[in-house]
Amino acid sequence: MFIHYVKGHQVLPRTSKHFRIYAQSKTKMQRDLGSFPLPPVIRVKLKDSGFSVVEDVIEMKPTELSREIGISKEESLEILKMVRESTSSSLPCQPKTPSNSASSSSQRQQQHPEGNKRTVTALEMLRYEKSSPAIVTFCEDLDEMLGGGVPLCKITELCGAPGVGKTQTCIQLAVDVQIPQCFGGVEGETIYIDTEGSFLPQRAADIAVAMVGHCRRIADTNDEEQQTALAEFSMEKLLSGIHCFRCHDYTELLALVNLLPEILDKHKKVKLIVIDSIAFHFRHDFDDFSLRTRLLNGLAQSLIKIASDYRLAVVLTNQMTTHIGNGPSHLIPALGESWGHACTIRIILFWKDNQRYANLYKSPNKQEMTVPYQITMDGLRSVPRLENEQASTSTSFRHDEPQDGNEDDHLNPCKRLRPSENQR
Amino acid sequence: MITDRRNYDAEMDDLELNPRILAACKKVNFASFSTILSLSSADLGRRTKLPANDVRTLLHTVSEKVYTNPSATALELYHGTCHQSLRVSCLRTGCEVLDGFLRGGILTPGITEIAGESAAGKTQLCMQLCLSVQRSTENGGLAGGAVYICTEDVFPSKRLHQLIQNFQKKLDATECRQLKLGDNIFIEHLSEIDQLVHCIQYRIPLLLKQSQVKLIVVDSVAALFRCEFSPGEAAKRAKRLQSLGAQLHRLSRLHHVPVICVNQVTANMSSGSLNPNQRQLIPALGLAWSNLIQTRLMLGRTAYKLSSGDAVCPPRPEDATQTQAGTDEVPVRSMEVVFAPHLPNDTCYFVVEAAGVRGLR
């Protein structure tokens, strides 16, 4: 008896927590099945088999229900759909309140009133592109190279050897996309699809803390809008704006991309989708290369559609592979020639003389160029220009002390931390 | 991946779909969910002769069935309040200095590579991890045994015995009685790639299912792959490596265990973009393997020596040469992070003593 009691006692806190969650929807769960608009025959059958309230059927599969009460599967499916819709509307797992989501959807409508129209003129697109902000990278040179940052509505691919900073760049972007609008940011959220298991929350926290510190420094004390934005701007808020998903094989990745529209409807603020990396699951155990090409093309199509429908940026990472041709072997991005067409912008990251460089390999509107960058404890940063020659001697990815904001750094996150000359 | 036909049929029946759509799918006889997802919606429509609307519901329902992984925000990951399978933890090395250097220890789950020349201390570090993994989670272990796959050499069981005796001194009496350190390390000697693949595919999952094992060490991957392939078979070798790496990844994720792969080094012949420091020695097995691992640690020997007395505060490696040249001095070794998602490129120094690996401040 004593053991029994102790057991019950241990379980109690957990159940009480669950109880709290269900308590709100309890009335819904206890709703009489007779109150649903069902045909009388089915109502009688349900009653005869002992199903009286929503709770009794909600966990069942349609096959089970049809077998249990002797109706067709089609009918049981309809019953379940009806019952689930009635409960899901009030479940606490739905994060957005109706008023909230309505306002944000209307905001989205305002942003692009041409949403319903299929065709837009080039002029309209140009106007939209000019007005739409880009996601800053926190590396000034990289932003310059990309024309302001990673653009929305487009697919950007980062290629590079292991350890060159692909994942770091992705985490940096996932944090940067959340910069409030009054600071010139996008004020969105991120969906981070991790296929390699390389997303580490500690790293995201490092970068988020540095970002909050930076915004605090550049904030104008007289600007009320910025001050109110700062008040709720914290590492916790930044991290809770990154929604992480894991994929363990390519089938899961395909399934997840199919489900993305639904997820995006749930998280309306998402402005960036990161897939780190697209290559991993497509590079092993694939004997049928035509299938791989077909799947990748399908994936690219879905992503392009999502990017333009939801006005968000898609960032993919890709691995490098050794190309053995007639000449000397060199490194090229993996996944083959046809994948090269999939993304709008392709950036190749590489090491040279102890320094990380980014090369804009493909872009519709910017010319090819190569810029240096570094990865510090605080995230992606540009290499100080005056010390460019010395930069090769100091190992990057080293903790740089946060710099004091310069007087003219207000309002502009593009003007990033740059070590002043007296520093190291 | 559904291989069992009957099982798959049952799962197909459980889809919450209109029976009309299900019947159409059954007529076409799709082999698995992944076949359905691999087809474009236009192809699906052509094959099943379903209208576009139904195809969309079919794809959506199958996707929901296939993708059931939990998701979490980064904040939940950070605080560890997310689903068990998403949690990231660390396996401590058993030395505070090294743990500090590695920001907690070896990432769990994940594949960590320990590369280095011979006698750099790779096996010593691995053996120490085999012991520390057995401690309880409060003490930085994972409360489980280890599988040690030897491909290079005979497992140094005498040395392990010595380590166990020293390790027990560090534990308190109750913990010492509970842990049967030597009984929880499963050692396997393998000499062919096929044996290794078989072991990883069938035998280790069995051990993991009984959840006795919380660490997998492969010492070393390079030995097998470097001797079985001729220079002209690089593509074939890369393919085998990739599938092996994927297997290890899957094991690591599914069972939430760290995997440690020991790698050899090779002389750097080219000045490619892969290596940051134009180093003399680079890890073997090339880019195909580097793409598969999460963290790469490079061990090496330095020219410095340190007398192996149990000094409380060991001198820095620069000062180490000043100690008098005794008979029992040990070489100072270096550990360098080549790449890791959470660590900067940095180097720290350690020595190998009778009691195991000890980091130097």
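As the structure is a computational prediction, the values presented were derived from the model and not from experiment.

Caption draft 1: Up close: the pairing of strand β2 (residues 189–194) of chain A. All names here are of chain A. Burial analysis of β2 places six of its six residues in the buried class, which makes it a mostly covered element. On β2, burial covers both faces: E189, I191 and I193 on one face and T190, Y192 and D194 on the other are all buried. As judged from the six bridges shared by β2 and strand β4 (residues 270–276), these two strands associate in the parallel manner. Bridge pairing links Y192 to V274 in β4. Judged from the five bridges that link them, β2 and strand β3 (residues 242–246) form a sheet pairing that is parallel. Note that in β3 the partner of I191 across the bridge is H243.

Caption draft 2: Representation of the packing of aromatic side chains within the structure. For the structure shown, the criterion picks out seven aromatic pairs over all chains. With 5.8 Å between their ring centres and 20 degrees between their planes, F350 of chain A and Y357 of chain A make a pair best called stacked. Owing to a relative accessible area of 24%, Y357 of chain A belongs among the partly exposed residues under this scheme. Relative to F155 of chain B, the ring of Y148 of chain B has its centre 4.8 Å away and its plane inclined at 70 degrees; by these criteria the two rings are edge-to-face. Comparing Y148 of chain B with F155 of chain B, the two get one shared label, buried. Clustering of aromatic rings is evident, with ring pairs tying together Y250, F282 and F286 of chain A. Above the ring of Y128 of chain A, the side-chain terminus of R311 of chain A is found at 3.9 Å from the ring centroid.

Caption draft 3: Quick peek at the domain arrangement of chain B. What the domain assignment lists for chain B is domain 1 (5–66) and domain 2 (89–301). On a C-alpha basis, the centroid separation for the pair domain 1 of chain B and domain 2 of chain B is 42 Å.

Caption draft 4: Here's a closer look at the packing of helix α4 (residues 41–48) of chain B against helix α5 (residues 52–66) of chain B. Residues and elements named next belong to chain B. With their axes 10 Å apart at the nearest point, α4 and α5 run at an angle of 115 degrees to one another. Judged on the interaxial angle alone, α5 and α4 are roughly perpendicular. Every pair of crossing elements has a handedness; the one defined by α4 and α5 is right-handed. Between α4 and α5, the residues in contact are S41, L44 and G45 and V55, L58 and L59, respectively.

Caption draft 5: Quick look at unusual backbone geometry. A cis amide bond, omega -5 degrees, links D276 of chain A with the succeeding residue S277 of chain A. As for its position among the elements, S277 of chain A is in the loop between β4 and α14 (289–309). Notably, A143 of chain B is not glycine yet its phi reads approximately 55 degrees, a positive angle. Its place among the elements puts A143 of chain B in the loop between α8 (122–132) and β5 (145–150).

Caption draft 6: The UniProt feature "domain: RecA family profile" (unreviewed entry) in chain B, seen in detail. In the numbering adopted here, UniProt assigns the feature "domain: RecA family profile" (unreviewed entry) to residues 87–265 of chain B. Annotated as residues 87–265 of chain B, this span is 47% helix and 21% strand, and its ends, taken at the C-alpha atoms, are 33 Å apart.

Caption draft 7: Structural detail: the environment of Q181 of chain A. Residue and element names in this part refer to chain A. Its place among the elements puts Q181 in the loop between α9 (166–176) and β2. Overall, the relative accessible area of 49% leaves Q181 in the partly exposed class. For the pair Q181 and M125, spaced 56 residues apart in the sequence, the C-alpha separation amounts to 22 Å. Filtering out sequence-adjacent residues up to four positions away, Q181 remains in contact with V186 and E187.

Caption draft 8: Just the pattern of salt bridges, in detail. Residues and elements named next belong to chain B. Counted according to the given criterion, the structure contains 13 salt bridges over all chains. For D194, the salt bridge goes to R240, with nearest N and O atoms at 2.9 Å. Here R240 lies in helix α13 (residues 234–255) and D194 lies in helix α11 (residues 193–209), a separation of 46 residues in the sequence. Its relative accessible area of 48% is what places D194 among the partly exposed residues. Owing to a relative accessible area of 30%, R240 belongs among the partly exposed residues under this scheme.

Caption draft 9: A look at the sheet that holds strand β8 (residues 345–352) of chain A. Across the sheet, which stays open at both edges, the ten strands sit in the order β11(A)-β10(A)-β9(A)-β8(A)-β1(A)-β5(A)-β4(A)-β2(A)-β3(A)-β1(B) with mixed pairing between neighbours. Lying at the two open borders of the sheet, with one neighbouring strand each, are β11 (379–382) of chain A together with β1 (72–73) of chain B.

Caption draft 10: Region of interest: the interface of chain A and chain B. Listed as interface residues are 61 residues of chain A and, on the opposing side, 57 residues of chain B. Between chain A and chain B the total buried area reaches about 5,600 Å² when both faces are included, carbon and sulfur atoms providing 59% of it. If you sort the residues of chain A by the area they bury against chain B, P162, R246 and W351 of chain A come out on top, with a joint share of 12%. D206 of chain A is paired through a salt bridge with R103 of chain B; the nearest N and O atoms lie 2.9 Å apart.

Caption draft 11: Local environment of the nonpolar core. Core analysis: the biggest nonpolar cluster contains 60 residues, and I135, F183, F199, I242 and I347 of chain A have the highest contact counts within it. With eight residues, helix α10 (residues 201–218) of chain A is the single largest residue contributor to this core. Beyond its immediate chain neighbours, meaning those up to four positions away, I242 of chain A contacts A174, V175, Q178, T190, Y192 and F199 of chain A together with A72, T73 and A74 of chain B. F282, L291 and A307 of chain A together with L22 of chain B belong to the second-largest nonpolar core, a separate cluster that totals 58 residues.

Caption draft 12: Spatial organisation of the side chain of D54 of chain B. Residue and element names in this part refer to chain B. Tracing the chain through its elements places D54 in helix α5. Exposure remark for D54: the relative accessible area of 11% places this residue in the buried category. At 2.7 Å, the side chain of D54 and the side chain of R20 are in polar contact. Once you skip the residues sitting within four places of it in the chain, D54 turns out to touch R20 and I21.

Caption draft 13: Structural view of the UniProt feature "domain: RecA family profile" (unreviewed entry) in chain A. The sites that UniProt annotates as "domain: RecA family profile" (unreviewed entry) are residues 131–320 of chain A. End C-alpha to end C-alpha, residues 131–320 of chain A measures 35 Å, and it is 47% helix and 16% strand.

Caption draft 14: Region of the structure containing the state of the cysteines. For the coordinates displayed, the defined rule picks out zero disulfides over all chains. Unpaired in this structure, C343 of chain A has its nearest cysteine sulfur neighbour in C159 of chain A, at a distance of 6.7 Å. Left unpaired, C150 of chain B is separated from the closest cysteine sulfur, that of C130 of chain B, by 9.3 Å. On the basis of relative accessibility, which here comes to 4%, the residue C150 of chain B falls in the buried class.

Caption draft 15: Main features of helix α2 (residues 19–28) of chain B. All names here are of chain B. Burial in α2 covers these residues: I21, L22, A24 and C25. One face of α2 carries all of its buried residues, which in axial projection span an arc of 160 degrees. Remark: N29 follows α2 within two positions and exhibits a positive phi of approximately 65 degrees.

Caption draft 16: The arrangement of the sheet that holds strand β12 (residues 329–339) of chain B in detail. All names here are of chain B. Pairing is mixed in the open sheet, where nine strands are placed in the order β6-β5-β7-β8-β4-β11-β12-β13-β14. Looking at which strands have only one partner, the edges of the open sheet turn out to be β6 (185–189) and β14 (356–360). This sheet shows a mean twist of 25 degrees between the axes of neighbouring strands, independent of strand direction. Sheet topology places β5 next to β6; five bridges connect them, and they run parallel. Within the sheet, the bridge partner assigned to A146 lies in β6 and is I185. Along the sheet face, α13 touches β4 (110–116), β7 (213–219) and β8 (258–263) and points at about 130 degrees away from the line of β4.

Calculation rules
- Residues numbered from 1 in each chain as written.
- Chains lettered and ligands numbered in written order.
- Predicted model: local features only at pLDDT ≥ 70, side-chain atom pairs only at ≥ 80, totals over all residues.
- Heavy atoms only, no water.
- Buried < 20%, exposed > 50% of the residue type's maximum accessible area, 1.4 Å probe, protein only.
- Helix = DSSP H or I, 4+ residues; strand = E, 2+ residues; numbered from the N terminus.
- Pairing = 2+ DSSP bridges.
- Phe/Tyr/Trp six-rings, centres within 6.5 Å; stacked < 30°, edge-to-face > 60°.
- Lys NZ or Arg CZ within 6 Å of the ring centre and 35° of its normal.
- Domains from an automatic or database assignment.
- Axes fitted to C-alpha atoms, helices over the stretch in contact; angles between N-to-C directions.
- Parallel < 35°, antiparallel > 145°, perpendicular 65-115°, else oblique.
- Left-handed = near helix turned anticlockwise from the far one by under 90°.
- Contact = heavy atoms within 4.5 Å.
- UniProt positions renumbered as here; feature names shortened; annotations may be inferred.
- Salt bridge = Lys/Arg side-chain N within 4 Å of Asp/Glu carboxyl O.
- Buried area = accessible area lost by both parts, 1.4 Å probe.
- Core = buried A, V, L, I, M, F, W, Y, C linked by side-chain atoms within 4.5 Å.
- Polar contact = N/O pair within 3.5 Å; in protein donor to acceptor, adjacent residues only side chain to side chain.
- Disulfide = S-S within 2.5 Å.
- Arc of directions from axis to C-beta.

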